[in-house]
Amino acid sequence: MPTAMVRHRQAMSRAAVNRLLFAAVLFLSVASCGITGSRGNGDDNYFSSFATFGDNRWLYSEPVEMRVDTLRDSVAHGGTLVLSLRHTDGYEYSNIWLELSYMPDDSTVVADTLNVMLADTYGRWLGHGSGPSLQLTDTVAKDFMLRRGMPLKLRHIMRLDTLTNIEQVGIVYLPKD
């Protein structure tokens, strides 16, 4: 085998090992930060809630509804609200439009429209994962206020009734302190 070909194979295998190491470190970092749902037990001001779509189909008529029920304080100020979305590599679009509705007080409903980019202009997925499953995490809002009992509703607002190849969606609140 020519020397250039051997060097190319060695470089590719090193790159694959580096990607695997990066993915392992990223997974351990996320797991230790509570993104996986291990936080939010009422002893702190973390909150996370996830919905899994068993058949990888998200219907427009079925928004994901969450209720903030694990805050230590009645109100948490100044934190970061994060969206986490997992999809397969069979998802047909480069983005997903979402609507996040919440009630910052007892009388006002706020609906934020989110355009979450899942692929770059060349069609490469922005999320990370192994196999056909990719996860993307993105900041929705900084300096966000959350109160105990507050309802959150998340739905897709794409121009079709059923989105296929969406596996899971969730919201995580990371407090300021």
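The structure presented is a predicted model; accordingly, all values stated were derived computationally and were not measured. (Residues numbered from 1 in each chain as written. Predicted model: local features only at pLDDT ≥ 70, side-chain atom pairs only at ≥ 80, totals over all residues. Heavy atoms only, no water.)

**Some thoughts on the nonpolar core**
(1) Moving on: By size, the foremost hydrophobic cluster in this structure holds 33 residues, and its most contacted members are Trp58, Ile96 and Leu154.
(2) Moving on: Counting only elements with at least two residues in this core, the list comes to β1 (47-52), β3 (64-67), β4 (75-88), β5 (95-102), β6 (110-117), β7 (133-147), β8 (151-156) and β10 (166-174).
(3) Moving on: Ignoring sequence-local partners within four residues, the contact set of isoleucine 96 consists of Trp58, Leu85, Tyr91, Leu114, Asn115, Val116, Leu118, His156, Met158, Leu163 and Ile166. (Core = buried A, V, L, I, M, F, W, Y, C linked by side-chain atoms within 4.5 Å. Buried < 20%, exposed > 50% of the residue type's maximum accessible area, 1.4 Å probe, protein only. Helix = DSSP H or I, 4+ residues; strand = E, 2+ residues; numbered from the N terminus. Contact = heavy atoms within 4.5 Å.)

**What to know about the side chain of asparagine 45**
(1) Moving on: One can find asparagine 45 in the loop between α1 (3-33) and β1.
(2) Moving on: A polar contact is formed between the side chain of asparagine 45 and the backbone nitrogen of arginine 72, at a distance of 3.1 Å.
(3) Moving on: A polar contact is formed between the side chain of asparagine 45 and the side chain of aspartate 73, at a distance of 2.7 Å.
(4) Moving on: Contact partners of asparagine 45, with chain neighbours within four places excluded, come to Leu71, Arg72, Asp73, Ala76, Tyr173 and Pro175. (Polar contact = N/O pair within 3.5 Å; in protein donor to acceptor, adjacent residues only side chain to side chain.)

**Quick word on the environment of valine 64**
(1) Moving on: By the element assignment, valine 64 lies in strand β3.
(2) Moving on: Look at valine 64 and you get buried, because its relative accessible area is 8%.
(3) Moving on: Taking the C-alpha atoms as reference points, valine 64 and leucine 100, separated by 36 residues in sequence, lie 9.6 Å from one another.
(4) Moving on: Residue contacts for valine 64: discarding those within four places in its chain leaves Ala51, Phe53, Trp58, Leu152, Lys153, Leu154 and Val169.

**Section: the sheet that holds β3**
(1) Moving on: Strand order in the open sheet formed by 4 strands is β3-β8-β5-β6, and the pairing between neighbours is antiparallel. Two strands in the sheet have a free side with no partner beyond their single neighbour: β3 and β6. Adjacent strand axes in the sheet meet at a mean angle of 20° when their direction is disregarded.
(2) Moving on: In the sheet, β5 pairs with β6 via 8 bridges, with the strands oriented antiparallel. The residue of β6 that forms the bridge with asparagine 95 is methionine 117. (Pairing = 2+ DSSP bridges. Axes fitted to C-alpha atoms, helices over the stretch in contact; angles between N-to-C directions.)

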